[in-house]
Structure formats: C-alpha cells, structure tokens
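Residues per chain, in single letters:
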Amino acid sequence: MDDGSRPFSTAALIGTGVMGRGIAQLTAQAGLRTLLYDTRPGAAEAARDGITQVLQQLAAKGRLSSEDAAATASRLIVVTALDDLVSADLIIEAIVERLDVKQALFRELEARVAPTCVLTTNTSSLSVTAIAAALERPDRMAGFHFFNPAPLMKIVEVVAGARTSDATCEALCTLTRAFGHRPVRVKDWPGFLINHAGRAYVTEAMRVLSEGVASAADLDRIMREAAGFRMGPCELLDLTGLDVSHPVMESIYHQFYEEPRFRPSPETQRRLEAGLLGRKSGEGFYRYQDGRAVLAPETPVPNDRPASVWISRADVASGEALAAFVRALPGAIVIEDAAVPSPAALCLVTPFGTDATTAALAQRLDPVRTVAVDMLFGLDGRITLMHTPLTSTAMRRAAQGLIGSGGHAVTMVADSPGAVAQRVAAMIVNVGCDIAQQRIAAPEDIDPAVERGLGYPRGPLALGDALTPARVLQVLEALHWQTGDPRYRPSLWLRRRAALGVSLTTPDRAD
Ligand code: NAI
C-alpha cells in the first residue's frame, strides 16, 4: 500500500480486450505500475500500443503533457505468465464472462499473489459472491465494475460480495477517486445498481410499443422531447444492438425469479430472430444509411380547430394549467366554462395513470369527442394527446390542430393507461425506489450513479421528487388497477415516502 489517495502500487489487468484496455489506461494514469496479461497471443502488446497511442493523442490535444504521456506509457508492462503477477497488489480481471473460467483463474491467482493483494472482477452479469466462493479468502475479492469506455464513463460500481470486507471496498473506492471517477458501493445483486436501474426504460417502452400505442419514432420523440431523455428507448436499443440487450433483459428477469417488473417483450425476441439488431446490422427499429437513421418526416399538424373546447377540472391544477395554455394560443377559441360540455365541444381530459376511455366514462363525457392530454411533464416540450377507441377523426384532428397551433410539437397516441411518458417515467422511478428499498446502494448514491452510467437527465429518485412522489404513486396505482398487472405495483419505498410527504432520497433514520 502507498499513501491514502492511492492505496495500490501495482495493478495487474487480466484480459486486455475492450474493458481491460480502458481500465489499464486509468491505472497507469493514476500512477500505478500496470501489468498486462492476456491468453490471446499479441493481445497484451496490442493493448499497450493502443493505450500509448491514445496517450499520445491526448498529449497532442494538450490534455496531457508529453512527459506525462511518456511516463504513463512506461508504466504499462506486458507479462506472459501468471507467475509474473506476484508483485501485484491489485488484480483486475476482465476476461470472458464465464463463471467456471473466472473461478479457475482466481484459484490460480490466489496461489501466486501476496496475501494482501486485492482481487477484483469487472463482471457485469455474474455473481461476485459465486466467483469469490472459489477462494480461500473471499474477503479480499470484490466486483470492480467499469462502464465502456472506461476512461470516459466516470462511474465505477464497487460490488461487495457476501464475504467481501469493508477494507477491500474502501481501498477500491479510494483508487476510483484517484482516477477522477465516482465510486458507488453496491450490493452483489442481479444487474448491481446501474444495469438494474436501466431495466425500466426499455422494458416499459417495449410494452407500450407492443400494445400498439405509438410507433417507435413517436415513442422516441415523446421520451426525448417531452420527458427530456437524450435518446429514445428504440434508438438506444438500436445503438446497443438487440444481440446484447435482449439477453440482458432475459437474464435480469430470470435472476430476479421472474419479477414481472422486468418481464421482457416478445417484441425484442422476434426482432432478434429476424436479425433486426440495430445499427450494427443496418436495420433495427430504424433503417440506417451511412450510419444515420432514415427517418420518415413527421405528419404536419392539421389546421383544424374545434367549434369550442371544454376542459375537465377533475384534476383541478392540470385542468387550470391546460385552460391557461389554450387561452394563450393564437386565434379565437371558445372555451366553455360550464360544468358539462355543450353537445359539439371537444372534451379535453388530463388523466394520470388511466387511459382516455376510463377518464371519459368516469366523467360522463362522450368518448367520441374526448381527447386526453398528458400533463405530467408540463406543456413546454412535445405534447402527447391520446384518443379513445371511439374518438372521431374530426375530433382528433381538431385537438391536434388546436394544441399544435402555437407551434408546439404534438403526438397523438392510441389509448394507454398513463399514455407514454407517464408509464415509462413512473416505472423508472419505481425501479429506482426498489433499488433503495432492497438496500442495493445508499439512496444518495442512486441518482449520481444512474446519471453517469445511463446518461439520464435525472436519476430515478430526483425524477420522482420532481414529478412528486404522490403523483408517481397515483400513476402506478392507476396502471396497476387498470391492467391488473403486478409489474405496476408500487415499491414500498415510494409508497411510504409519498404518504409521509418526504423526498425519495430520504433514508431510514439512523439515530
Ligand atoms: P473482450 O472480449 O473485449 O476481452 C476479453 C479479453 O480476455 C480477450 O482479449 C481475451 O483474449 C481475454 N481472455 C479470455 N479468457 C482469458 C483468460 N482465461 N485469461 C486471460 N485472458 C483471457 O471482452 P470485454 O468486453 O472487455 O469484457 C470483459 C469483461 O468485462 C467481461 O466480464 C464483461 O462482462 C465485462 N464488462 C464488459 C463491458 C462492455 O461494455 N464490454 C462493460 C462492463 C463489464
């Protein structure tokens, strides 16, 4: 051990593929001698040369002095046998994702390295506890889970197996900070924290798609332009490739003993069978030409307007906000203020968690003239409208024409409890809450980890706080009631904090 800021002096990277290479760059840049070992002939040399080139490029861009680049490169040492690793005080394994192979490797390593050497695995889907079970001293083994590309993704999960010591995790957290990355301590649970938190976005989106609520392009537009995500769920799946994403969805679902929240959709299974993998196969949810998605232009907003509009006050604040929005639209519009709409009026409702049909019937409105407006993310971005199965084409066009008349982007979707953004956002918050409930990570660590690891604009707990826990609970309870599907049952963490009126990041009191 060295000083407190850098608890190791020699790291050994075993497996110098995509991940091993990125991690080796970090350890060498943090000042550690970095041994590179790979069973594939030439792989470790290729990694050393590749990292050296990256360092030279960083120096050419002025991000690193050329002396630092040369000194860092000189710390990369190729070794050809496990016996050459005896001087390492940190092992980072990034080999093939197979439990038997990893266990065999760690058994061999334990027989060679010093008793104080810390052993880590970069596994993303295997149990750290199961890998460590092969060791005499499992207390010194932990998961050290980086994201690709490791030098740029500034988050590392430090995974405590059932027998991992606190000191092992602490030392790894300290080293992670020396990389300039944020460590997050997590329990050894399927998907750990970040891949677990990422289940809701794509899984719920595939459900919405398979119910025929919206097209892939509309789904993506809503999640980007209303809910603020950088990428829509279908674009994201196209980027990752279904050959990678679909097995992960299945694996996490089964590892949680068929937890309905993570139930994958036949949608991705069929697409995988068809070879519609995404960008890498030239076609997924989108078709790709020269690396770019070929997008059909969006249908323009019609010029139609209703003779008059009646706006529900079943949810008073949302009804008032929608009325104020409509009043501010260009052109004259008759807004009815009677308790009951006139026989020709377009009826706008603002449900949370229920569909337009349920809202229309509950409020004794004519489903032929009823259109729902999703108010969860407000009216500044893209606005989602939702029709009942009976809403007339004239009323749909009138609603689109009216709401889109101020230049607002509008998407009309088919009936769905919670439209699109409500469902997907509520599921993200719910899974985040359950991560807190299962003590997989400290509540204050969940949001920063998800923001860095998944690139979400806000972590799941911050998203829930922004939408208000009570509102998210309302959406989930309505979804649960309307579908009867236990995937929508609210997490107890959410239920309690909504009832108490406190932030979702509130831990249990420890005093
Ligand atoms: P990769 O296939 O690019 O590299 C693996 C390397 O390990 C290869 O160079 C291979 O020759 C070598 N190898 C295989 N068996 C070996 C053994 N017994 N001893 C020494 N070297 C051996 O794979 P990648 O993507 O770098 O993944 C490595 C590990 O990191 C896996 O456990 C994976 O689950 C995990 N991981 C991968 C991420 C990714 O985005 N690719 C993200 C986070 C974790």
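The following paragraphs examine the structure supplied in this document. Because the structure is a prediction, the values reported are computed rather than measured.

## Description of the packing of helix 16 (residues 421-437) against helix 19 (residues 469-483)
Interaxial distance between helix 16 and helix 19 falls to 9 Å at its minimum, and their mutual angle equals 110°. As judged from the angle between their axes, helix 16 and helix 19 are roughly perpendicular. Within the contact between the two elements, helix 16 uses Gln422, Arg423, Ala426, Met427, Val429 and Asn430 and helix 19 uses Val472, Val475, Leu476 and Leu479. The residue makeup of the contact of helix 16 with helix 19, split by class, is seven nonpolar, two polar and one charged.

## Thoughts on the layout of surface pockets
Reported here for the largest pocket is a volume of approximately 1500 Å³. Contributing to the lining of the largest pocket are 45 residues, with Phe147, Asn195, Thr240, Val244 and Leu454 lying nearest its centre. Breaking the lining of the largest pocket down by element, the ones donating at least two residues are helix 1 (18-29), helix 7 (194-197), helix 8 (199-210), helix 10 (233-240), helix 11 (242-255) and helix 17 (443-454). The element best represented in the lining of the largest pocket is helix 11, accounting for eight residues. A breakdown of the residues in the lining of the largest pocket according to their chemical character gives 22 nonpolar, 17 polar and six charged. The calculated volume of the second largest pocket comes to roughly 310 Å³. Taken together, 17 residues form the lining of the second largest pocket, with Asp218, Glu298, Thr299, Gln400 and Val410 sitting closest to its centre.

## What to know about the sheet that holds strand 8 (residues 182-187)
The eight strands are arranged 3-2-1-4-5-6-7-8 in an open sheet whose pairing can be described as mixed. Each edge of the open sheet carries a strand with a single partner, namely strand 3 (76-78) and strand 8. Across this sheet, the average inter-strand angle for adjacent strands is 25°, counted without regard to direction. Relative to strand 5 (residues 118-121), strand 4 (residues 90-93) is paired through four bridges, and the arrangement is parallel. Its bridge partner being in strand 5, Ile92 is matched across the sheet by Thr120. Against the sheet, helix 6 (residues 166-178) touches strand 4, strand 5, strand 6 (141-145), strand 7 (155-160) and strand 8, its axis set at about 155° to strand 8. On the sheet, helix 17 packs against strand 7 and strand 8 and is oriented at approximately 115° with respect to strand 8.

## Thoughts on the pattern of salt bridges
Here the structure, examined in full by the defined rule, presents 35 salt bridges. In this structure, Glu273 engages Arg270 in a salt bridge whose closest nitrogen and oxygen atoms are separated by 3.1 Å. Here Glu273 and its partner Arg270 are both found in helix 12 (residues 266-273), three residues apart, which amounts to about one turn of the helix. Residue Arg382 is joined to Glu298 by a salt bridge in which the shortest nitrogen-to-oxygen separation is 2.6 Å. Linking Arg382 in the loop between strand 14 (370-373) and strand 15 (383-387) with Glu298 in the loop between strand 10 (292-294) and strand 11 (308-311), this pair joins segments that are 84 residues apart in sequence. Within this structure, Asp218, Arg221, Arg224, Glu225, Glu235, Glu298 and Arg382 form a network of salt bridges that share partners.

## Considering helix 8
Owing to its 3.6 residues per turn, the α-helix brings residues three or four apart onto one side. When the terminal C-alpha atoms of helix 8 are compared, their 17 Å separation across 12 residues agrees well with the 16 Å that a helix rising 1.5 Å per residue should span. Burial runs high along helix 8: 10 of the 12 residues are buried. Buried residues along helix 8 sit in contact with helix 7, helix 9 (216-225), helix 10, helix 11, helix 12 and helix 16. After helix 8 finishes, the residue Gly212 shows a positive phi value of roughly 70°.

## Digging into the sheet that holds strand 15
Across the sheet, which stays open at both edges, the six strands sit in the order 12-11-13-14-15-16 with mixed pairing between neighbours. Only two strands of the sheet have a single neighbouring strand rather than two, namely strand 12 (334-336) and strand 16 (410-413). On average, each strand axis in the sheet is inclined to that of its neighbour by 30°, with strand direction left out of account. Contacts from helix 13 (residues 316-327) reach strand 11, strand 12, strand 13 (346-349), strand 14 and strand 15, with the element oriented near 160° to strand 11.

## Let's talk about the pairing of strand 7
In terms of burial, strand 7 is largely enclosed, as five of its six residues are buried. With three bridges joining them, strand 6 and strand 7 adopt antiparallel strand pairing. Paired with Gly143 across the two strands is Val159, which belongs to strand 7. Pairing between strand 7 and strand 8: six bridges, direction parallel. Bridging from a neighbouring strand, Glu157 pairs with Val184 of strand 8. At this point the chain moves from strand 7, through helix 6, to the parallel strand 8, and the crossover so formed is right-handed.

The rules behind each value
- Residues numbered from 1 in each chain as written.
- Predicted model: local features only at pLDDT ≥ 70, side-chain atom pairs only at ≥ 80, totals over all residues.
- Heavy atoms only, no water.
- Axes fitted to C-alpha atoms, helices over the stretch in contact; angles between N-to-C directions.
- Helix = DSSP H or I, 4+ residues; strand = E, 2+ residues; numbered from the N terminus.
- Parallel < 35°, antiparallel > 145°, perpendicular 65-115°, else oblique.
- Contact = heavy atoms within 4.5 Å.
- Nonpolar A, V, L, I, M, F, W, Y, C, P; charged D, E, K, R; others polar.
- 1 Å grid on protein atoms, 1.4 Å probe; cavity = no way out; pocket = protein on both sides within 12 Å on 5 of 7 lines; lining within 4 Å.
- Points joined across faces, edges and corners; volume = space filled by probe spheres on them.
- Pairing = 2+ DSSP bridges.
- Salt bridge = Lys/Arg side-chain N within 4 Å of Asp/Glu carboxyl O.
- Expected span 1.5 Å × (residues − 1).
- Buried < 20%, exposed > 50% of the residue type's maximum accessible area, 1.4 Å probe, protein only.
- Right-handed = clockwise from strand over helix to strand, strands pointing away.

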